[in-house]
Amino acid sequence: MLKFVAQHDQMDCGPACLAMIAGHYGQVYPLQYLRDNSFLTREGVSLLSINEAAKKIGFQTFTALLNLEELHKQRDFFPCVLHWNQNHFLVLDRISKNIISGKYQYHIADPAHGWIKLSAAEFQQSWISNNDKGVVLFLKPTADFDNNIPPKIEQIKLNRIFKLLLPYKRQIALLFSLLLLGSIVSLIFPFLTEKLIDKGVNGKNLNLISLVLLAQLCLYVGSITIEIIRNWLMLYVGTKISITIISDFLKKILRLPIKFFDTKMLGDFNQRIQDNERIEDFLTSQSLITFFSMITFLVFFGVLWYYNLGIVAIYAILTGAALLWSFYWLRKRKIIDYYRFQQKGENQESIYEIINGVTEMKLNQFEDFKRMEWENIQQKLFKTNIRILKVNQFQVSGFDFINQIKNILVTFLAATLVVKGSMSLGELLAISYIIGQLNSPVNQLVGFFRSLQDARLSLERLNEVQNHKEEEQNHHKMLSFFSGLETADKPQGIHIKNLSFQYEGPKSPYVLKDISFLIPKGQVTAIVGASGSGKTTFMKLLLKFYAPSDGDIYYNEDNLNELSAKNLRENCGVVMQDGFIFSDTIERNIVTKDTDIDKQRLNNALIIANIKSFVAELPLGLSTKIGASGNGISGGQKQRILIARAVYKNPHYIFFDEATSALDAENEKIIHDNLQTFYKGKTAIVIAHRLSTVKNANQIIVLKHGKVVEIGTHHQLVQNRSDYFNLVKNQLELGN
């Protein structure tokens, strides 16, 4: 029987399918391992990548384009992976015939929705894509599959959750004391009730009645006081734990390489952070309250035992039946929770896109389409919530029904004993009170297991990042700027040796292919080429955003793989095409992490970026706050702030990717002239489409389709009348 695996993120369907089929043949692989080997991107995963990952874990694979009849003939190779609706992958487990109608039914394991049973018409509608045929990937285990040892799946243990409580031992101890006191107060009530009826009412003793009622009032006031203090303590501890969980999550993801973020959607991150509320609720509310509810339960159970053993037996049997019923439905609820997580992530992603893209939507009349897209997500979320509601209703209704039968039977038995004279009326009322008090801990126990399930699922999602390898490793070394005397045989600079790079694994297209050259130390190197030639990717490789697929990059004598990425970037002033402006002051956007601001360097950065006059005109000057992503400033002003940020660092290396593309000709010339002085003694790499800005570079490298086609100065390359000449002739009006 195929064991279902739900996808954790929006782009996980391919790895989840592979995990299900591997599990079917007896090997359990972590989803993250399959993600890594499927070369997942933010756009998802390709069939080619799933195929490569399957081969790596020992499957023999075969991809086919089949019609429905041909698919039926391949049942010996089920389960198999299907390409679904042109944008999704799922597993076809088996095909069966309906006993009544005789029609075929297709049993689908969809990582995003669970088990689905479809008719032939429904199946074809989503699977068929081209000339009445659909794409299918068959997988057959080889000897290597059985010999391979999958990485261990780290299980989230309860003690890992409870460790979060250790820093708050004093507050927890006080909470325990208050809960214990509350349990004792609850325990006194049934005995007071018995005395009230048997001694007070039946004995017609008004003084005793008054005394008992006064005692009940005092106990009630004490119970309220305990509840108030407990709520304050739970808020304090809960808030601190919530901050710890999210802070640890953020701390970890900020230590991960840039590549990690390429596979995640913003909504997935937001939903993970919001998941901390479920962990907080479990630790501060459910666990502590349930612990003392169980103590209360055992005490009251003992009291009930004291009153009548037959009543205890009926209560225990029916309570056990009610709990088994609840646990059965909890298992079903677990899978649906994954779907709700994904859909909430999609919902947040959609809202974020609508808000941030409102200008473009209005310009292109895209509003209705995007709104309808959001409504479709809401419909999916609604259907998932309906499924959860159904499960909860079955669970709660069945649990309450069994409880009600139990209450009726216990009441009937106790009433029978009163009629026969074996039990007093006061004891009957005390037993009724005890049964009511016993029901509450049982309900609390069910709530505890539901909360535990939620907390474990949430913690699993938050802790998925913990298994990722951090960018900084102990063996990484600092960037060296003094590696001996430079010679003709041993020039200093950045050495590129047989460098190749692919984004999506060994069978994907090359973005850069076998390029080799030297970026000389202390000189300006320009990189030019048509869009898509690999210029920006090359710069990202230099900054250690990605690791080369083949070949090496050396900073002087040091291989980039051995260098600390953090230290490297500390020594680089970078302006990327999509540079980010933070929601903060202009000053903070330029000096970034510096708390002790160097005013001279800041002033110099403002002058070089030609932004000093613009800042001076603002009422608050450098203290003027600008919006996230640069809202409130023009594209040119944004680029000048980014240039000032790079200049303020006064780095050894300068990397500019289209740093002046949004500037007018006058500003560009001023900044270009200012930068020539700043470049002295620094190694600079400048990427530009506007080739007038790279004319004075010491070296120009021309990329075409990921390969180096020319290297030289502007004058030499123009004389060659080749690719570079074709790029610049129209811009500089060189003619033919």
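As recorded in an unreviewed UniProt entry, the protein goes by the name ATP-binding cassette, subfamily B, listed as coming from Pedobacter soli. The record held by UniProt for the protein lists under Subcellular location (unreviewed entry) the comment "Cell membrane".

J.: I'm lost on the overall build of the protein in this one. Help?
T.: Helix and strand counts for the protein stand at 25 helices and 18 strands. For the protein, the share of sequence-separated contacts (at least 6 apart) that also reach a separation of at least 24 residues comes to 74%. Summed over its atoms, the accessible surface of the protein is roughly 37300 Å², and 56% of this surface lies on carbon and sulfur atoms.

J.: Even after reading the chapter, I still don't get the side chain of D558, so can you show me in this structure?
T.: By the element assignment, D558 lies in strand β11 (residues 558–559). On the accessibility criterion, D558 (10% relative accessible area) is buried.

J.: Any chance you could explain the sheet that holds strand β6 (residues 134–141) here in plain terms?
T.: Remark on secondary structure: sheet strands pair via backbone hydrogen bonds, oriented parallel or antiparallel. The strand order across the open sheet formed by six strands is β1-β6-β2-β3-β4-β5, and the pairing between neighbours is antiparallel. Each edge of the open sheet carries a strand with a single partner, namely β1 (59–66) and β5 (114–119). On average, adjacent strands in this sheet sit at an angle of 30° to one another, irrespective of strand direction. Contacts from helix α3 (residues 47–56) reach β1, β3 (88–97) and β6, with the element oriented near 155° to β1. Helix-sheet contacts for helix α5 (residues 120–127) involve β1, β2 (80–84), β3, β4 (104–110), β5 and β6, and the interaxial angle to β5 is about 110°.

J.: How should I be thinking about the pairing of strand β9 (residues 524–528) in this particular structure?
T.: Regular strands have side chains that alternate between both faces of the sheet. A large share of β9 lies buried, amounting to five of its five residues. The alternating pattern of β9 places V524, A526 and V528 on one face and T525 and I527 on the opposite face, and all of these are buried. By the bridge criterion, four bridges tie β9 to strand β16 (residues 683–687) in an arrangement that is parallel. In the sheet register, I527 faces β16, and the bridge partner there is I687. Summarising the sheet, β9 and strand β17 (residues 699–704) pair through four bridges and their orientation is parallel. Note that in β17 the partner of V528 across the bridge is V702.

J.: How should the nonpolar core be read in this particular structure?
T.: One broad rule of soluble globular proteins: the nonpolar side chains tend to lie buried together. Core analysis: the largest hydrophobic core is formed by 47 residues, its most contacted members being F656, V694, I700 and Y724. A per-element tally of this core places helix α22 (residues 635–648) first, with seven residues. What F656 contacts, discounting residues up to four positions off in sequence, is M539, G573, V575, I643, A646, L675, Y679, I685, V686 and I687. Grouped together as the second largest cluster of nonpolar side chains are 32 residues, F517, L563, F655 and L703 included.

J.: Mind showing me how you'd approach the UniProt feature "transmembrane region" (unreviewed entry) in the protein here?
T.: Mapped onto this numbering, the UniProt entry annotates "transmembrane region" (unreviewed entry) at residues 172–193, 205–226, 232–250, 288–307, 313–330 and 408–435. The distance from the first to the last C-alpha atom of residues 232–250 is 27 Å, and the span holds 100% helix and 0% strand.

J.: Please explain empty space enclosed by the protein as it appears in this structure.
T.: Where empty space is left in the structure can be found by rolling a water-sized probe over the atoms. The full count for this structure, using the stated rule, is three cavities of 30 Å³ or more. Considering only enclosed or pocket space, the largest cavity measures out at about 220 Å³ in volume. Taken together, 23 residues form the lining of the largest cavity, with T660, H672, Y679, V686 and T693 sitting closest to its centre. Of all the elements, helix α23 (residues 665–678) adds the most residues to the lining of the largest cavity, at five residues. Class assignment of the residues belonging to the lining of the largest cavity gives a composition of 12 nonpolar, seven polar and four charged.

J.: Can you walk me through a nonpolar patch on the surface in this structure?
T.: A contiguous nonpolar patch, built from L214, L217, Y220, V221, I224, I228, W232 and L235 and spanning about 850 Å² of accessible area, is present on the exposed surface. The topology assignment puts L235 in helix α9 (residues 206–253).

J.: Quick question: what am I supposed to make of the pattern of salt bridges here?
T.: Where charged atoms from two side chains of opposite charge approach closely, those side chains can pair. Tallied over the entire structure, the rule returns 15 salt bridges. The partner of E470 in a salt bridge is K252, with the nearest N and O atoms 3.3 Å apart. Pair noted here: E470 is in the loop between α16 (425–463) and β7 (493–502) and K252 is in helix α9, with a separation of 218 residues, a long-range link. The partly exposed category is assigned to E470, whose relative accessible area is 27%. By relative accessible area, K252 is classed as buried at 8%. Ionic pairing is found between E471 and R569, a salt bridge with its closest N-O pair at 2.7 Å. Of the two residues, E471 is situated in the loop between α16 and β7 and R569 in helix α18 (residues 565–570); the sequence distance between them amounts to 98 residues. Take E471 and R569: they sit in the same class, and that class is buried. A single network of salt bridges, built from pairs that share partners, joins K252, R255 and E470.

J.: What is the right way to look at the packing of aromatic side chains in this model?
T.: The geometry of an aromatic ring pair comes down to the distance between the two centres and the angle between the two planes. All chains considered together, the criterion is met by 19 aromatic pairs. On the numbers, 6.4 Å between centres and 85° between planes, the contact of Y25 with F145 is edge-to-face. Residue Y25 is located in the loop between α1 (13–24) and α2 (31–37), and its partner F145 is located in helix α6 (residues 143–147); the two are separated by 120 residues in the primary sequence. With a relative accessible area of 0%, F145 lands in the buried category. Plain terms: the ring middles of Y555 and Y653 are 5.2 Å apart, the flat faces sit at 90° to each other, and that makes the pair edge-to-face. Placement of the pair is Y555 in strand β10 (residues 550–555) and Y653 in strand β15 (residues 653–657), with a sequence separation of 98 residues. With relative accessibility at 0%, the residue Y555 sits in the buried group. Within the aromatic cluster, the residues linked to one another by ring pairs are W84, Y106, F123 and W127. The ring of Y554 has K497 lying over it, and the distance from NZ or CZ to the ring centre is 4.8 Å. The positively charged end of K513 is found above the aromatic ring belonging to Y510, 4.1 Å away from the centroid.

What counts and what doesn't
Residues numbered from 1 in each chain as written. Predicted model: local features only at pLDDT ≥ 70, side-chain atom pairs only at ≥ 80, totals over all residues. Heavy atoms only, no water. UniProt positions renumbered as here; feature names shortened; annotations may be inferred. Helix = DSSP H or I, 4+ residues; strand = E, 2+ residues; numbered from the N terminus. Contact = heavy atoms within 4.5 Å. Areas by Shrake-Rupley, 256 points an atom, 1.4 Å probe, with all protein chains shown as cover. Buried < 20%, exposed > 50% of the residue type's maximum accessible area, 1.4 Å probe, protein only. Pairing = 2+ DSSP bridges. Axes fitted to C-alpha atoms, helices over the stretch in contact; angles between N-to-C directions. Core = buried A, V, L, I, M, F, W, Y, C linked by side-chain atoms within 4.5 Å. 1 Å grid on protein atoms, 1.4 Å probe; cavity = no way out; pocket = protein on both sides within 12 Å on 5 of 7 lines; lining within 4 Å. Points joined across faces, edges and corners; volume = space filled by probe spheres on them. Nonpolar A, V, L, I, M, F, W, Y, C, P; charged D, E, K, R; others polar. Patch = residues over 30% accessible without salt bridge, like charges linked within 9 Å, V, L, I, M, F, W, Y side chains within 5 Å. Salt bridge = Lys/Arg side-chain N within 4 Å of Asp/Glu carboxyl O. Phe/Tyr/Trp six-rings, centres within 6.5 Å; stacked < 30°, edge-to-face > 60°. Lys NZ or Arg CZ within 6 Å of the ring centre and 35° of its normal.

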